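# Remarks on the overall topology
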Amino acid sequence: MSLPTIAILDDYQGLSNVPFEQLRSAGYQVTTFADTLLPYNHPDTPQDAKDALTKRLEPFNIICTMRERTPFPAELVNRLPNLKLLLTTGPRNASLDVKACQDRGIQVAGTGMGGARVSGPDSTTQHCVALILALARNISQDDAAMKAGGWQNKDAMGLSGKIFGTVGLGRLGVTVSRIMHLAFGMRVIAWSSNLTQDAADEKAKAAGLPVEDETGIKTFKVVSRDELFSTADVVSIHLVLSERSRGLIGTDDLGKMKKSALFVNTSRGPIVNEDELLESGKKGLIRGIGLDVYGLEPLPKESEWRTTKWGESGRSEVVMTPHTGYVEGDGIRGWYEQQVENILRWQKGDALATLFEDNGY
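Another point: the sheet that holds strand E7 (residues 187-191). Judged by pairing direction, the sheet is parallel, and its seven strands sit side by side in the order E8-E7-E6-E9-E10-E11-E12 without closing on themselves. At either end of the open sheet lies a strand with only one pairing partner, and these are strand E8 (220-222) and strand E12 (317-320). Each strand of the sheet is rotated relative to its neighbour by a mean of 20 degrees, with strand direction disregarded. Pairing geometry for strand E10 (residues 262-265) and strand E11 (residues 288-291), over four bridges, is parallel. Bridge pairing in E11 places leucine 262 opposite glycine 288. Lying over the sheet, helix H7 (residues 171-184) contacts strand E6 (163-167), E7 and E8, oriented at roughly 175 degrees with respect to E6.

Another aspect to go through is the pattern of salt bridges. Tallied over the full model, the rule gives 17 salt bridges. Lysine 154 is the partner of glutamate 317 in a salt bridge, and the nearest nitrogen-oxygen pair spans 3.5 Å. Pair noted here: glutamate 317 is in strand E12 and lysine 154 is in the loop between helix H6 (139-147) and E6, with a separation of 163 residues, a long-range link. With a shortest N-O distance of 3.7 Å, glutamate 243 and arginine 246 are connected by a salt bridge. Owing to a relative accessible area of 65%, glutamate 243 belongs among the exposed residues under this scheme.

With that settled, consider the nonpolar core. Grouped together as the largest cluster of nonpolar side chains are 29 residues, with contacts concentrated most on Val167, Val235, Ile249, Phe263 and Trp305. Elements supplying a minimum of two residues to this core: E6, E7, helix H9 (225-231), strand E9 (234-237), helix H11 (274-282) and E11. Excluding anything up to four places from it in sequence, valine 235 contacts Gly165, Val167, Leu228, Phe229, Met257, Leu262, Phe263 and Val264. Among the nonpolar cores identified, the runner-up in size contains 27 residues, and Ala136, Ala190, Leu195 and Phe220 belong to it.

Reading guide: rules and limits
- Residues numbered from 1 in each chain as written.
- Predicted model: local features only at pLDDT ≥ 70, side-chain atom pairs only at ≥ 80, totals over all residues.
- Heavy atoms only, no water.
- Pairing = 2+ DSSP bridges.
- Helix = DSSP H or I, 4+ residues; strand = E, 2+ residues; numbered from the N terminus.
- Axes fitted to C-alpha atoms, helices over the stretch in contact; angles between N-to-C directions.
- Contact = heavy atoms within 4.5 Å.
- Salt bridge = Lys/Arg side-chain N within 4 Å of Asp/Glu carboxyl O.
- Buried < 20%, exposed > 50% of the residue type's maximum accessible area, 1.4 Å probe, protein only.
- Core = buried A, V, L, I, M, F, W, Y, C linked by side-chain atoms within 4.5 Å.

Below, the structure written as structure tokens:
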């Protein structure tokens with residue numbers, strides 16, 4: 001019996017090479033794609049681009065994806081007659097139509113956390129804090145000025161004693177808030193649609209923090225949506241993308257922010273109305289915007305986020321990174337190792353690890 005053909009999608013850094021070498025050595029045909037084609041289900045994707053993606057994927061029995069870089073909606077799944085196994089990285093991926101795969105008898109599985117477990121904040125938490133500091137301390141702007149022969153031209157923003165507003169107080173919301181509170185002395189306020197003060201108090205205790213200080217001020221103070229956006233000096237998004245959170249943040253929220261405030265999104269691009277955030281930045285309504293995630297990824301070269309002269313003529317400062325909040329070599333190689341293990345299980349007819357039963361969550 002011939003071995004299945006395998007496609008590895010969106011491996012920008014070639015981090016799958018070593019983990020998948022054992023399959024190549026065993027005779028498996030493994031093809032790696034270092035680029036990303038337009039997403040099949042994006043409203044602006046033309047039919048010829050959908051056909052190009054289908055043509056690329058059609059020959060393969062096993063497809064290994066990287067997070068949500070290439071979505072698999074039902075229509076695409078049903079155009080891939082040879083697909084038998086769809087693997088992703090991480091324990092959840094809402095961009096995969098698991099039911100459509102199951103209807104075709106295609107198994108879908110993810111991974112656990114990549115790399116060895118270590119103490120301390122995870123990759124995305126570190127990245128979020130880095131974006132906040134880059135904006136507050138003018139790191140990228142001053143770096144560019146120095147390399148162009150310039151010197152100081154803008155004052156930095158101190159964080160000590162300021163207010164950190166987290167939209168969402170899940171795992172990442174807690175870890176980022178904890179750092180901003182302990183390391184920089186920021187007061188933390190939080191809002192999400194179902195968040196209660198009792199729940200926030202429990203999260204503070206679980207994070208090793210007191211519920212309140214000696215004056216009775218809550219460590220994680222739950223406030224209204226209006227109060228968070230109108231009083232926070234830094235607003236950071238920490239929600240899971242869902243139909244309920246899609247487009248949640250827009251002009252009504254951004255227009256309430258202080259002109260001196262910073263806005264950072266390391267969660268998912270579509271949680272924020274990108275056009276409305278773009279207009280806020282072009283009008284200079286807030287001091288700075290930090291982005292690691294976008295509505296369409298990779299961000300098109302012609303995007304105004306790339307072409308606008310930020311920080312000039314009254315526009316906001318903008319610091320952008322290419323969705324690298326989770327991109328650490330050890331972690332991604334660990335994910336690929338788990339995909340290889342699942343492929344070998346599948347070949348033997350054994351149960352898969354991190355099998356998706358109903359949907360991407």
